[in-house]
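Now for the letters of each chain:
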Amino acid sequence: LAVVCIFQLSFTFIANTWDKKAEKFANGDLVKKRHYIDSVGRKPILNLFVRKYNYQDVKERSLNMGLDLRGGMHVTLEVAMNELLQQLSGANPDATFNKAINIAKKKQATSTRGYIDLFYDEIKAINPNVRLSQYFATLDNKESITFSSSNEDVLSFLRKESKSAIDRTYKIIQTRIDKFGVSQPNISFDPNAGRITVELPGADDPERVRKYLQGSAKLEFYETYTLGELGSFLTEADKEYYTLLHLNDKNADSSKYSKADTTKKETVAKTETKTTKDTAKGKTDTVAKKDDKKGKEKEKPKEQPLLALLLSAAGQVNEGMYNSPVVGYVKIADTSKVNSVLAKEEIRSILPTEVKFMWSTKPTDKAIEEITLIALRKTGLTGQEAVITGEVITDAKKDIDRQTNSYEVSMQMNTKGAQEWAKVTTENQGKFVAIVLDDVVYSAPRVINPITGGRSQITGNFTAEEAGDLANILKAGKLPVRVQIIEEAIVGPSLGQDAINSGLRSLLVGFICIIVFMILYYNRSGWVANLALLVNLFFIIGVLASLGAALTLPGMAGIVLTLAMAVDANVLIYERIRDEMEDGKSLKLAIAEGFKAAMSSIIDANLVTLLIGIILLAFGQGPIYGFAVVLVIGILTTLFCSILITRLIFDWLLEKDSKINFGNPVTLHFLRNINYDFVGKRKIFYIISGITIAIGIGSLFVNGLNFGVDFKGGRSYVVEFKKPVNDKIVDIRSGLTTAFGSAPEVKTYGSDYKLDIITDYKVTENGDSVNSQVKAVMLKGMEKLGAGYEPKILREEVVGSTIATEVKNSAFGSIFFSLLVIFIYMIVRFRRWQFALGATVALAHDIFFVLTFFSLFKDVMPFSMNVDQSIIAALLTIACYSMNDTVVVFDRIREYLNNNKKAAMIPTINTAINKTLSRTVITSFTVFMIVLILFIFGGQVIKGFSFAMLVGIIVGTYSSIFVATPIVVDFHKKKELDAESFN
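Residues numbered from 1 in each chain as written. Predicted model: local features only at pLDDT ≥ 70, side-chain atom pairs only at ≥ 80, totals over all residues. Heavy atoms only, no water.

A. Expanded view of the side chain of Ser 716. By the secondary structure assignment, Ser 716 is in strand E19 (residues 714-720). Accessibility expressed as a relative area gives 3% for Ser 716, which makes it buried. Apart from the residues within four sequence positions on either side, Ser 716 is in contact with Val 709, Asp 756, Ile 757, Ile 758, Arg 795, Glu 796 and Glu 797. (Helix = DSSP H or I, 4+ residues; strand = E, 2+ residues; numbered from the N terminus. Buried < 20%, exposed > 50% of the residue type's maximum accessible area, 1.4 Å probe, protein only. Contact = heavy atoms within 4.5 Å.)

B. Representation of the pattern of salt bridges in the model. Per the stated rule, a full pass over the model turns up 13 salt bridges. Here Lys 163 ties to Asp 167 by a salt bridge, and the two come within 3.0 Å at their closest N and O atoms. Note that Lys 163 and Asp 167 are positioned in helix H9 (residues 151-178) at a spacing of 4 residues, about one turn of the helix. Looking at Lys 163, the relative accessible area reads 51%, which means it is exposed. The class for Asp 167 is partly exposed, based on a relative accessible area of 21%. Of the charged contacts, one joins Arg 892 and Asp 579 as a salt bridge, the two residues approaching to 3.6 Å between their closest N and O atoms. Linking Arg 892 in helix H29 (residues 869-899) with Asp 579 in helix H20 (residues 553-582), this pair joins segments that are 313 residues apart in sequence. (Salt bridge = Lys/Arg side-chain N within 4 Å of Asp/Glu carboxyl O.)

C. Fine view of unusual backbone geometry. In the Ramachandran plot, Asp 439 falls in the positive-phi region, its phi being about 65 degrees despite a non-glycine side chain. Looking at the element boundaries, Asp 439 is found in the loop between strand E14 (433-437) and strand E15 (440-443). Judged by its relative accessible area of 39%, Asp 439 is partly exposed.

D. Up close: the packing of helix H5 (residues 81-88) against H9. Interaxial distance between H5 and H9 falls to 11 Å at its minimum, and their mutual angle equals 120 degrees. Compared by their axis directions, H5 and H9 come out oblique. As H5 packs across H9, the resulting crossing turns out to be right-handed. Facing H5, whose interface residues are Met 81, Leu 84, Leu 85 and Leu 88, H9 presents Phe 157, Leu 158, Glu 161, Ser 162, Ala 165 and Ile 166. (Axes fitted to C-alpha atoms, helices over the stretch in contact; angles between N-to-C directions. Parallel < 35°, antiparallel > 145°, perpendicular 65-115°, else oblique. Left-handed = near helix turned anticlockwise from the far one by under 90°.)

E. The arrangement of the packing of aromatic side chains in detail. Counting across every chain of the model gives 25 aromatic pairs. A ring pair is formed by Phe 517 and Tyr 521, whose centres lie 5.6 Å apart and whose planes are at 20 degrees; its orientation type is stacked. A residue pair is termed a helical-turn pair when its members lie 3 or 4 positions apart in one helix, as Phe 517 and Tyr 521 do in helix H18 (residues 493-522) at 4 residues. There is no split in this pair, since Phe 517 and Tyr 521 are both buried. (Phe/Tyr/Trp six-rings, centres within 6.5 Å; stacked < 30°, edge-to-face > 60°.)

F. Seen up close, helix H25 (residues 729-740). An ideal rise of 1.5 Å per residue puts 16 Å on 12 residues; H25 measures up with 16 Å between its terminal C-alpha atoms. One or two residues past the end of H25 sits Gly 741, with phi positive at roughly 90 degrees. (Expected span 1.5 Å × (residues − 1).)

So, in structure tokens, the structure goes:
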């Protein structure tokens, strides 16, 4: 195991060495760093006997850091099932059908049921006698569906098609991710929900990621109209739009319109021009201006509203534009208005039925925020508007246009595509052909000569990265249906580095505290426990690296907790050895008997925790899952190190006749002669717990709980400022309340320069434009701060309501199943339902106590008290700890009852509790100390987690003695209490 761990961790050390070399070479320049890594990426940097490893190989095998430690982007994609049904129906226009599709889409946002079932429920609600075959018995589906097909047959077909579409989408997304260029990407797939989760550590361009993942790669080649061919139509459309605008204006005079028709050819300069393939990209031909005033274009009068919009940026029509497919130069801010005008039924009825308008990809000049509107001609075959589609593309690659020295994408077509492309370019010689990807025109070159051989290019003012991404998307293939982002989280690298520093700091300080405490309390044997702890930590990290599991900040918290549990195992062993030595046994025999006696408690306590860890793995997501991975690994390594390694060391020391002791004069008799009547005073503690529970119920009804965005949906931002803002929170909250229309949650985040802002503004809406709008509204709401603050978003998280509902259900489901598993285990292990009831009630008691604290102090604490996934992880960890403590007490009670079968139960139970008191206090103190360090040094991300743990440790220790055990007593019959044989 040690050799395997060393081998796996060696990749991490080598990768870090090369990363430091890259950082030193780049000196803060990210582009230079990438170039350096690319230059060594394929060269061998590690030569072993069996094979050679290059940088990429080494990086892939190094310890994987989660996004919260490394920075990057987390995205959850959902297949647009509503659009799939519309495709399968052949875009059926039936009102009932489309209404059901839209309602099902809305309900999908808050339902965990499949979309097909939701759609069927809705269409049945609208029309109970509906026959689905009337919508899906199309020519394309004739092999599977006929008009006589039953609803069940159609539903079976729809489920099969949806599964196929989801599977193909996953494979295409997976192919794209493999070519994205980040190390250790992670992609997971939920076929039932139709969701794909992608993690890209180190990704620093969210907009690029969104385009890369969501682009459907629908490639089309269109014939085009020219402005000259559409001029008269646009003039008539403009007149109609003028009439629509002034329909209620009695003073409007439509006769004014004819006095200024700038689309007529006679008003256009006649100068000869040179037209190139770049015309449609916004590079209009140079037009010589006439010296006389008659040749100058007149300013567009207000009476031409549509033409004024189309030429708002260009300002005039020139000869090159007249003979090109460009019908407008429009400011980006005006594009939505142009879309709405051209979509009006009155306008569409005037324009040719074959015309289709699309926008160019982006401005050709960053200083001028304008894009071009291109007129396409729908001349494809039946059911297809384009003359050629992307299915004919067999390869695509990034290339450089030698004439312009700009990046482009070169494509190669198959034989059929090459023949069609030759035919199209022959028929359109001297004309333009537009290349469209995902309903955006990338280029519209003029065809000079017919193109044979099936080669074509996409130009579009690309950067090298954009051209590479586009080529990869085309090679991966077209998505069968559109995907949309329903959840995303972006963690900036600086915030990730802060998390690494705080996590490592807490881990180091916690480990040192454990080492010091064990030496001070247990003297020489404390060194043995510390050596076992060190080996345990090494194994945990090594196994994580071997499995390729990601180490997250909650995972670091899991390591700290695992170390504390390892201490508990050693404490159990050492306390039992002390008992044996007090009974007069020799050191060698005491060690042997101590290990034997502690074994049952250690196995029971760790097995229960392991079961809870497995439940967390099954139900948990995000931070819960990361915590559970470390917890499960840690439990297994703890058992191995605490039981085997420490025993081997002690046997070796005994063989050497080395001095071994288990304490010092101060600690040897600590809490060892206590004789307190715990069971007899149980009513006092019932009253204390009852009062607290009553307060908790009242607080939960009145105050409730603050749920995090992963439970209720919404958006969360960590914002950093140049100046301290701790005294500006009220003003910021006020400004954001006005901007959002509802009060957001605003709290400091680790320092006076950072804020955590959570809002449910537009929680039910998704999409890049919505995210950009929310961020813009948030930044505008903080404008009252004035100059010098310069807010910068370090982390953003978007959680759709669908994801939130599922996360909440899985979180609370994990709590319920944990309690159920514990109840069953306790019945099997202790063979008495009273013990199972006591343990389960104590756990529920602890969980409720923690939630009470989160309700009472949710608006008081200076850190987030939101109940989210990390708090659920904390609650289950508390359950593990409390169960651990309770099992140890119950195990000693069982032992004493078995050894004193004729003794009365209550005195025997009191004796057992008193005997385990020193172990209970020491373990509680150790764990509390570790978690306190986690709370102080662990960083803002796990502040709420560690606070819940602090409360839970206190309450868990209390409940194992004052709640669980009294319930066991009170649910036994009186005659059983007098003399109990525990069999």
